Amino acid sequence: MRKTLILTGASRGIGRALALELAQAGYDLVLNARSEGPLKEVAEEARALGARVEAVAGSAGQAQVAEELVKKAEGLGGFYGYIHNAGVLHPGPFLYEIAEGLFLEVLEANLIAGYQLARFAYPLLRKKGEGVVVYVGSGAAESNLPGIGAYAVAKAAEEHLARQLAAEVPEVPCFIYRPGVVETEMQRQAREAQGSAAPVLHQVFRGYKEEGRLLSPKEAAKALVRLLPRARQFHGKIASWRDA
């Protein structure tokens, strides 16, 4: 029986690459992103690879969107879990300087969306007694780099959320995937950041590019798809692209 996964942040970067790699690997998909146009384009590309695909635009941090994602996945059949890849960075200001709205947007995209997905997906996955749940984490969860404080706070909480779910529902494999340093829109934003911490961010993130340390989204996506059949091995833990 085919397996259906929900994927957030699917319109670009690692998410877009993941959608295509998952489709090639034989998964059916319910794709989510806030940008409807690019999301539809990715959905069409995934369908062309043989996957059955539904797309739901909007923030998965909103309960009605998360609920619709799970309903669509159930409707496709073979609902098997989700990969929460969506994220927002808003780099540049020191943490105490960032506007309240931007801080809350970072929390919603990274942390609250992870909670909302769990709310609606876990009762079904627990009943099935199988599946896979992946939270795309970041080394930022363990760092205090000036200029990405809101993101670091959100990622630390999101990774704890994943470990909590793993402890509470051991029958459903759940792990954190850290993709490494990947050439994405977030990387570009950090390289071009404005604000009090911009000089630090420019040094770090421009350095990644100049030193040739950036992985492609496709490389990061391929690694995660290879890890999915081994999800139980990483239950409650952190896996990286190197583990693949």
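The preceding data block contains the structure.
What comes next is a walk through the structure. From a predicted model like this one, the values you see are computed outputs, not experimental measurements.

Rules of the game
- Residues numbered from 1 in each chain as written.
- Predicted model: local features only at pLDDT ≥ 70, side-chain atom pairs only at ≥ 80, totals over all residues.
- Heavy atoms only, no water.
- Phe/Tyr/Trp six-rings, centres within 6.5 Å; stacked < 30°, edge-to-face > 60°.
- Helix = DSSP H or I, 4+ residues; strand = E, 2+ residues; numbered from the N terminus.
- Buried < 20%, exposed > 50% of the residue type's maximum accessible area, 1.4 Å probe, protein only.
- Lys NZ or Arg CZ within 6 Å of the ring centre and 35° of its normal.
- Pairing = 2+ DSSP bridges.
- Right-handed = clockwise from strand over helix to strand, strands pointing away.
- Axes fitted to C-alpha atoms, helices over the stretch in contact; angles between N-to-C directions.
- Parallel < 35°, antiparallel > 145°, perpendicular 65-115°, else oblique.
- Left-handed = near helix turned anticlockwise from the far one by under 90°.
- Contact = heavy atoms within 4.5 Å.
- Nonpolar A, V, L, I, M, F, W, Y, C, P; charged D, E, K, R; others polar.
- Expected span 1.5 Å × (residues − 1).

1. Re the packing of aromatic side chains
For the structure on display, the rule yields five aromatic pairs. Residues Y82 and Y135 carry aromatic rings whose centres are separated by 5.7 Å and whose planes lie at 85° to one another, so their mutual orientation is edge-to-face. You can see Y82 sitting in strand β4 (residues 79-84) and its partner Y135 sitting in strand β5 (residues 132-136), a full 53 residues away along the chain. Here the two residues Y82 and Y135 agree in accessibility, since each one is buried. Taken together, the ring pairs connect Y82, Y122 and Y135 into an aromatic cluster. Over the face of the ring belonging to Y80 we find K3, whose NZ or CZ atom lies 4.3 Å from the ring centre.

2. Remarks on the pairing of β4
Taken across its six residues, β4 has six buried, putting it largely inside the fold. With four bridges connecting them, strand β1 (residues 4-7) and β4 associate as parallel partners. Among the inter-strand pairings, T4 is bridged to a residue of β4, identified as F79. Of the pairings in the sheet, the one linking β4 to β5 comprises four bridges and is parallel in character. Opposite I83, over in β5, you have V134 as the bridge partner. Between the parallel pair β4 and β5, the chain is carried across by helix α4 (residues 100-128), and the sense of this crossover is right-handed.

3. Details of the packing of helix α1 (residues 13-24) against helix α8 (residues 217-227)
Where α1 contacts α8, the two axes come as close as 8 Å, and the packing angle between them is 50°. Between α1 and α8, the crossing angle belongs to the class labelled oblique. Handedness of the crossing formed by α1 with α8: right-handed. Taken together, the residues of α8 that come into contact with α1 (itself represented by G13, I14, A17, L18, E21 and L22) are P217, K218, A220, A221, K222, L224 and V225. Residue composition of the contact of α1 with α8, by class: nine nonpolar, one polar and three charged.

4. A word on helix α5 (residues 149-168)
Under the 1.5 Å per step criterion, the end-to-end length of α5 is 29 Å for 20 residues, consistent within 8% with the ideal 28 Å. Within the sequence span of α5, burial applies to G149, A150, Y151, A152, A154, K155, E158, E159, L161, A162, L165 and A166.

5. What about the pairing of strand β3 (residues 53-57)?
Bridge count for strand β2 (residues 28-33) against β3 is five bridges, and the pairing is parallel. Bridge assignment links L29 to a residue of β3, and that residue is V53.

6. Overview of the environment of E105
Relative to the helices and strands, E105 resides in helix α4. With relative accessibility at 26%, the residue E105 sits in the partly exposed group. For the pair formed by E105 and Y151, sequence separation is 46 residues and the distance between their alpha carbons is 10.0 Å. Discounting chain neighbours no more than four positions away, the residues touching E105 are R34, V88 and H90.

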